[in-house]
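Examination of the molecular architecture
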Amino acid sequence: MDPVPDRDPPAPDYLAQDCLQPVYGERSVTFNPGTAFFRPKSRFVRDLGVLAAAVYRQQRGQVRVLETMAGCGVRSLRYGLEAGADWIWSNDGNPDLAPLLGENLRILGDRLQLTHYSAHKVFAHCALHQDFYDLVDVDAFGNAAAYIPAALGATRWGGLLYLTATDGRTLGGHDPDQCLRRYGSYGRAHPSSQEQGLRILLGTMAQQAATRGWGLTPVLATFTGQTFRVMVRLGERSRSLEQTYGFLGYCHPCGHYEPVPWRKLGRASCPHHGAVQPLTLTGPLWLGSLHDGATLGLMAQQAQAWGWLDCLKTLAIMIAEADLPPYHFRLGDIGQRGAMDPPPRDRLIAALQGSGYRASPVHWNPQAIKTDAPLAHCIDIGQHLTG
């Protein structure tokens with residue numbers, strides 16, 4: 001593979017250094033985090049990337065990985081050793097991490113290209129040389145929108161783009177103007193703000209893909225308390241953007257949510273009031289499925305085969321919630337609106353399902369449910385369960 005064209009001085013021959021020893025273990029790999037940013041609690045999102053890469057390789061026969069913000073290199077290492085990646089371009093913009101990355105990734109041998117450029121320079125090289133990757137991992141800090149157009153251009157048709165954003169205040173609706181500037185979406189604060197952040201990210205990616213004439217399918221979306229993480233698969237448009245990219249309305253007085261398509265923006269009002277009660281709108285954002293249940297099912301099978309049993313419960317919840325409406329209800333809000341204690345989650349879900357509704361837990365919030373039942377019905381059942 002041609003190196004990235006640049007006038008920067010070449011990196012030192014750090015692959016020959018033996019001064020660093022692995023001091024941390026994660027799943028089947030050992031490595032030295034060194035001075036690079038590393039969050040052990042984020043193992044689950046790294047697990048998801050490795051599982052998705054392994055399933056992709058089983059289906060396509062190969063997986064080439066591009067990681068543009070490698071840090072200490074644990075994700076690249078795991079893509080190589082656990083998912084069996086055929087080729088890995090691991091990049092980090094900080095050249096001071098060269099010795100650390102070189103030692104941590106030495107075991108990948110000739111499957112590895114290691115560089116220290118800006119992510120935008122790497123993406124530009126991929127576009128210029130038509131060097132496309134099956135999985136592009138962008139572990140961005142803060143605003144992720146700046147990387148979306150270029151990262152899409154480095155992803156192979158049918159490939160996966162795995163993107164992180166950490167600007168929770170913006171995506172959570174606490175700075176609508178900033179959200180509009182960064183993501184082209186006006187985010188609002190409401191009880192489903194974490195899911196809103198995921199859907200704003202997905203919506204921005206879908207809109208940017210549409211400018212190229214492409215469609216995308218969300219593979220997974222998760223919120224870990226600090227970060228938003230979404231993975232999409234690029235492909236042909238199966239539906240018009242209007243069907244999956246619109247607005248979410250929220251009624252502050254009664255707590256009702258309602259997806260609002262573009263053609264009905266002028267008639268966005270809550271149906272549960274005698275007088276006209278306008279909905280507070282967030283968007284545009286992604287209104288379609290949050291995950292691809294079929295792919296998550298294959299990932300769960302792989303986790304089972306590897307003995308990663310701690311992943312299975314969360315993957316099962318993600319599969320259950322995949323096609324439910326684009327919002328959720330917190331148990332505390334149900335209790336508050338019904339003047340009662342928060343209802344027990346599992347009993348509430350079972351009662352809703354017994355009433356003919358779909359319902360599931362929320363994988364990032366154990367004190368919330370997703371359902372297609374009206375909030376008023378959730379309150380009625382909750383009052384029966386706690387009465």
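Structure shown above.
Here is a short report on the structure shown in this document. (Residues numbered from 1 in each chain as written. Predicted model: local features only at pLDDT ≥ 70, side-chain atom pairs only at ≥ 80, totals over all residues. Heavy atoms only, no water.)

Glancing now at the packing of helix α13 (residues 345-354) against helix α14 (residues 375-386). One can describe the packing of α13 onto α14 by two numbers: an axis separation of 10 Å at closest approach and a directional angle of 120°. Taken together, the axis directions place α13 and α14 in an arrangement best described as oblique. Our pair here, α13 against α14, has a crossing hand that is right-handed. Contact residues: Arg347, Leu348, Ala351 and Leu352 in α13; His377, Cys378, Ile381, Gly382 and Leu385 in α14. In the contact of α13 with α14, the residues fall into 6 nonpolar, 2 polar and 1 charged. (Axes fitted to C-alpha atoms, helices over the stretch in contact; angles between N-to-C directions. Helix = DSSP H or I, 4+ residues; strand = E, 2+ residues; numbered from the N terminus. Parallel < 35°, antiparallel > 145°, perpendicular 65-115°, else oblique. Left-handed = near helix turned anticlockwise from the far one by under 90°. Contact = heavy atoms within 4.5 Å. Nonpolar A, V, L, I, M, F, W, Y, C, P; charged D, E, K, R; others polar.)

The next point concerns helix α8 (residues 193-211). Between the first and last C-alpha of α8 there are 27 Å, a value that for 19 residues agrees with the 27 Å anticipated at 1.5 Å per step. Most of α8 is tucked away: 14 of the 19 residues are buried. Count one or two residues on from α8 and you reach glycine 213, which has phi positive near 85°. (Expected span 1.5 Å × (residues − 1). Buried < 20%, exposed > 50% of the residue type's maximum accessible area, 1.4 Å probe, protein only.)

Attention now moves to the packing of aromatic side chains. Enumeration according to the criterion identifies 13 aromatic pairs in this entry. Relative to tyrosine 257, the ring of tyrosine 250 has its centre 4.7 Å away and its plane inclined at 40°; by these criteria the two rings are tilted. An identical accessibility class is assigned to tyrosine 250 and tyrosine 257; each is buried. Centre to centre, the rings of tyrosine 327 and phenylalanine 329 are 5.6 Å apart; their planes meet at 50°, and the pair counts as tilted. Each member of the pair, tyrosine 327 as well as phenylalanine 329, carries the same accessibility label: buried. Here the aromatic residues Tyr250, Tyr257, Tyr327 and Phe329 are joined through ring pairs into a cluster of three or more. (Phe/Tyr/Trp six-rings, centres within 6.5 Å; stacked < 30°, edge-to-face > 60°.)

On to the sheet that holds strand β14 (residues 359-362), then. The strand order across the open sheet formed by 3 strands is β13-β15-β14, and the pairing between neighbours is antiparallel. At either end of the open sheet lies a strand with only one pairing partner, and these are β13 (329-330) and β14. By the bridge criterion, 4 bridges tie β14 to strand β15 (residues 365-371) in an arrangement that is antiparallel. Looking at the pairing, serine 360 lines up with lysine 370 of β15. Packed onto the sheet, helix α11 (residues 312-321) meets β14 and β15 and runs at close to 135° relative to β14. (Pairing = 2+ DSSP bridges.)

Grouped together as the largest cluster of nonpolar side chains are 67 residues, with contacts concentrated most on Leu66, Phe123, Val138, Tyr183, Leu201, Ile334 and Ile369. At 7 residues, the largest contribution of residues to this core is made by α8. Leaving out residues up to four positions away in the same chain, isoleucine 334 has contacts with Phe329, Met340, Pro343, Leu348, Ile369, Leu375, Cys378 and Ile379. Judged by nonpolar contacts, the second largest core, of 45 residues, contains Val29, Ala36, Val63 and Leu160. (Core = buried A, V, L, I, M, F, W, Y, C linked by side-chain atoms within 4.5 Å.)

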